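Chain by chain, the residues:
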Protein chains: 2
Amino acid sequence: MSDNNKRCAIGVDFGGTFVKMARVNGRGTIDARANFATTDLKGVDGWLDEVERHVEALLSDLPADTEWTGIGVGVPGFVNYEKGFVHDLTNVPGWRSVPLADLLTERFGKPARVDNDVNAMAVGECTFGAGQAYRHAVFLTLGTGVGGGLLLNKNLYRGSHSMGGEIGHVSIDMNGIESATGRGGVEQYVGNKRIVERALQVIDSGRASTILERAGGKREAVSPKIISEAAAEGDAVAVEVFDFVADCLATMMASVSYLLQPQAFIIGGGVSAAGPVLFDPLRKHLDARLSHHFAKRVVIKRAELGNDAGVIGSATLTFLE
Amino acid sequence: MSDNNKRCAIGVDFGGTFVKMARVNGRGTIDARANFATTDLKGVDGWLDEVERHVEALLSDLPADTEWTGIGVGVPGFVNYEKGFVHDLTNVPGWRSVPLADLLTERFGKPARVDNDVNAMAVGECTFGAGQAYRHAVFLTLGTGVGGGLLLNKNLYRGSHSMGGEIGHVSIDMNGIESATGRGGVEQYVGNKRIVERALQVIDSGRASTILERAGGKREAVSPKIISEAAAEGDAVAVEVFDFVADCLATMMASVSYLLQPQAFIIGGGVSAAGPVLFDPLRKHLDARLSHHFAKRVVIKRAELGNDAGVIGSATLTFLE
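So, a few notes on the structure that sits alongside this text. (Residues numbered from 1 in each chain as written. Chains lettered and ligands numbered in written order. Predicted model: local features only at pLDDT ≥ 70, side-chain atom pairs only at ≥ 80, totals over all residues. Heavy atoms only, no water.)

So, the overall build of chain A
Of the regular secondary structure elements, chain A holds 11 helices and 15 strands. Rg of the C-alpha trace for chain A: 21 Å, near the compact-globule value of 20 Å for 321 residues, within the 12% margin. In terms of overall dimensions, chain A has a C-alpha envelope of 65 × 45 × 35 Å along the principal axes. Across the 321 residues that make up chain A, the buried fraction comes to 58%. Sequence-distant contacts in chain A: of pairs separated by 6 or more residues, those separated by 24 or more amount to 61%. Surface accessibility of chain A: about 13200 Å² in total, with carbon and sulfur atoms responsible for 48%. (Helix = DSSP H or I, 4+ residues; strand = E, 2+ residues; numbered from the N terminus. Rg over C-alpha atoms; globule rule 2.2 N^0.38 Å. Buried < 20%, exposed > 50% of the residue type's maximum accessible area, 1.4 Å probe, protein only. Contact = heavy atoms within 4.5 Å. Areas by Shrake-Rupley, 256 points an atom, 1.4 Å probe, with all protein chains shown as cover.)

Next up, the structure:
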C-alpha cells in the first residue's frame, strides 16, 4: 500500500434516482463531491459520459504529489465482483449484462471495481467506520429492504457467484409472508413500508396514538421516522411497532450469530436513525434469543459513515489487495 | 505438503459412548482401526493412557519409510480450535477446561489438533469425501440434533470464538418451540426424537399407518429408520413426516443460501440414511423457497464417508496448513 496521504480514488454510489460521486483519500475522508440524476441519461454510454465529466471536475484541484489510483462503483443490483460485470439493475432500465469495470478502465486507464451497493457500504464501514476493529462483522442496512454485507476474516465474503449476503431473505417464519424469494424473509416484516403498514393497522384497530397527528392527519405521510419520533416520546403504539421490528431483526441476527459468530453487527440505513427506540429492544431480544455464550460475545453498533458509506466504500474497493 | 503416500496421522473421534481411532494415510484412507468405551475411564488422564495404548498398536505395523505427522481429535462440545483447548464436553463428565492439544503433544511429541466433532467431519468430507470439488460448501449432520460445518474459501470457518456453524439453532419460526438456545431452532423440529414424536402424534390422531406394526407394536421402538422404511414403501403418514422434516430443513437451508451462497450442501448423519424419502422433498422445498438464481446454483449431496467421517476428518486436521 502506497502512502495513504498521497493517493485517492473516485467512489461512485449508483442509486436508482441519484448518482453520488466523491474523491476519497487514503484515510477514507472525502476531499470533493459531485451528484447527478440517474434518470435523464441515455443508457450506459450517457452514464459514462456524465461520470467522466464529474471525474474531471473532482480531480481538477488534485495536488501534484497525489496519485489517483482507481474508480469504484457500488450499484443497486446483481454483480459479478471478480469480473466487474453488472448482471442486472432492477430499477435502472438499460443496465443488463454490462462489463462496467472494463468500460471504466478503458475510459480512465485506471483499475476499476464494481460491487453491489450494500457490499460497498460494508467495505466502507469495516475499513473506515464502525467496523474497523473487527475480524468478523456483519453489516446491515435497514431501509426499503434489509441489505447485508459479511466481513469474514477481514475480507468481504461474497459467496460462490457474488450473490451472498442477501440477509433480508433470511426466513424468520417458515409459514410466513410469501414473496419471490421464499417465505418469511425478515425484510417482509421490517422494510420501510411494512413498518408503516403495521402502525396504521394497529391505529385502525382503534388504539390511541399520536402517529397520525404527527403526520398532519395524512396516512400517506406516515413514515418510519415519524413513528420513531412518536416512540421516543412514549407513544405506546409506536413503541410496540419498533419492539416488533427489533424482535424480527433479532430472530434473524440470532440465526446469523449461531452460524457465523461475528464479533459485531454494524447497522446502518434510514430505519437505523430511529436510535434507542430500535437499538434498546434489539439488544434485549437478541440476548433473549441467544445462549449466554453467544450473547455476551456479540456487539451491536450503529454505522458511522451515514450517507457517505456508499461513496467511501466504493472508493475503498480500489484500495484493497 | 510431503508425499501423501509416505505419511499418516492418527484420527480420534471422541463420542459420548465410544472413542473411535484410526491411522489415516495422506490419501484419506484408513490403514488401521481401534475403539474403546468412553465410560469406564478415569477422567482426562485415563483417557490419554487409553489413547496412548491404542496409538502404539495402530503404529505397530507402520512401514519404515512412512512418517506419522500428528494426532487430531474431534470432540462432542465446545473447543477453542486455535489453542486446541476443550471448554466443556456436555455428555462426558470431568472434561472442563482441558488443554488437550498441549497434553497430546506432550505425550507424543507430535503436532496435535482439537476441533468439535462436526467440524472434523466437515473437514473430512470436504477434503476426501463429497465436498472435494467445492470452494464454498455447508456440511450438515442430521441426528439427535443438527450439526453444521462451513467450508468458506476452502477453509473451515469457525467464527470469532470457534463457536460458529451451530446450524441447528438457526430459527425457522420466531414464535416456535423454545429451548435454551432461542426459539424455533431447526433441530427442535427435525432431531431424531422430534421425528418420532411427530409420527406418533399423527398416528394417535387416528390416521392409518404401518409404522407401529413395523416397530413390533412398541411405541418406544419407533425410530427415524423405521419411519423412513415405511415412507419408502408409500406409508402416507411416514411420507408426510419426512416431507415436513424436509421443509423445515429447506427453510434453514434457504436462509443459509441467501446468506452464504454455498455451491453445495453435503448432508450426513443417521437421519440422512433415509435417502430419497428425505432428499427428494428436500430438493423440491429448497427450490420453492429460493429464487431461481440461487436454486439453480446450489447442489444437495449425501455425505460419502459415513461413520468414518469423524476419524478421517480428525486426522485430516493435522494435514492442513
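Alright, that's what it looks like, and here's the rest.
Things to note about the pattern of salt bridges
All names here are of chain A. Across all of its chains, the model carries 32 salt bridges over all chains by this definition. Among the salt bridges present, the one from Glu 240 reaches Arg 207, with a minimum N-O distance of 2.7 Å. Of this pair, Glu 240 sits in helix 8 (residues 236-260) while Arg 207 sits in the loop between helix 5 (192-204) and helix 6 (211-214), and the two are 33 residues apart along the sequence. Judged by its relative accessible area of 41%, Glu 240 falls in the partly exposed class. (Salt bridge = Lys/Arg side-chain N within 4 Å of Asp/Glu carboxyl O.)

Structural notes on the packing of aromatic side chains
For the structure shown, the criterion picks out 10 aromatic pairs over all chains. Judged by centre distance (5.0 Å) and plane angle (80°), the ring pair of Phe14(B) and Trp95(B) falls under edge-to-face. Here the residue Phe14(B) occupies a position in strand 1 (residues 7-14), and Trp95(B) occupies one in the loop between strand 6 (85-89) and strand 7 (96-98), the gap between them amounting to 81 residues. Each member of the pair Phe14(B) and Trp95(B) is classed as buried. Considering the side-chain rings of Trp47(B) and Trp95(B), the 5.1 Å spacing of their centres and the 80° angle between planes classify their relative orientation as edge-to-face. Taken as a pair, Trp47(B) in helix 1 (residues 43-59) and Trp95(B) in the loop between strand 6 and strand 7 lie far apart in primary sequence, 48 residues in all. Assessed through its relative accessible area of 3%, Trp95(B) is described here as buried. An aromatic cluster of at least three residues, connected via ring pairs, comprises Phe14(A), Trp47(A) and Trp95(A). Residue placement shows Arg158(A) over the ring face of Tyr81(A); its charged tip is 3.4 Å from the ring centre. (Phe/Tyr/Trp six-rings, centres within 6.5 Å; stacked < 30°, edge-to-face > 60°. Lys NZ or Arg CZ within 6 Å of the ring centre and 35° of its normal.)

Thoughts on the sheet that holds strand 2 (residues 18-25) of chain B
All names here are of chain B. Here we have 5 strands laid out as an open sheet, ordered 3-2-1-4-8, and mixed in their pairing. Only two strands of the sheet have a single neighbouring strand rather than two, namely strand 3 (30-37) and strand 8 (112-116). Averaged over all pairs of adjacent strands, the angle between their axes in this sheet comes to 15°, without regard to strand direction. Alignment of strand 2 against strand 3, held across 7 bridges, turns out to be antiparallel. The partner of Val 19 across the bridge, within strand 3, is Phe 36. Sheet strands in contact with helix 2 (residues 100-108) are strand 4 (67-75) and strand 8, and its direction is about 150° off that of strand 4. (Pairing = 2+ DSSP bridges. Axes fitted to C-alpha atoms, helices over the stretch in contact; angles between N-to-C directions.)

Quick notes on the pairing of strand 2 (residues 18-25) of chain A
Residues and elements named next belong to chain A. Of all 8 residues in strand 2, 6 are buried, a share of seventy percent or more. Bridging between strand 1 (residues 7-14) and strand 2 involves 7 bridges; their strand directions are antiparallel. By the bridge assignment for strand 2, Val 12 is matched with Met 21. Hairpin connection from strand 1 to strand 2: 3 residues lie between these consecutive antiparallel strands.

Let's talk about unusual backbone geometry
We note that Gln261(A) has phi near 35°; this positive angle belongs to a residue other than glycine. By the element assignment, Gln261(A) lies in the loop between helix 8 and strand 14 (264-268). A relative accessible area of 2% places Gln261(A) in the buried class. One non-glycine residue, Lys154(B), lies in the positive phi region at around 70°.

The values are spatial; any link to function lies outside them.
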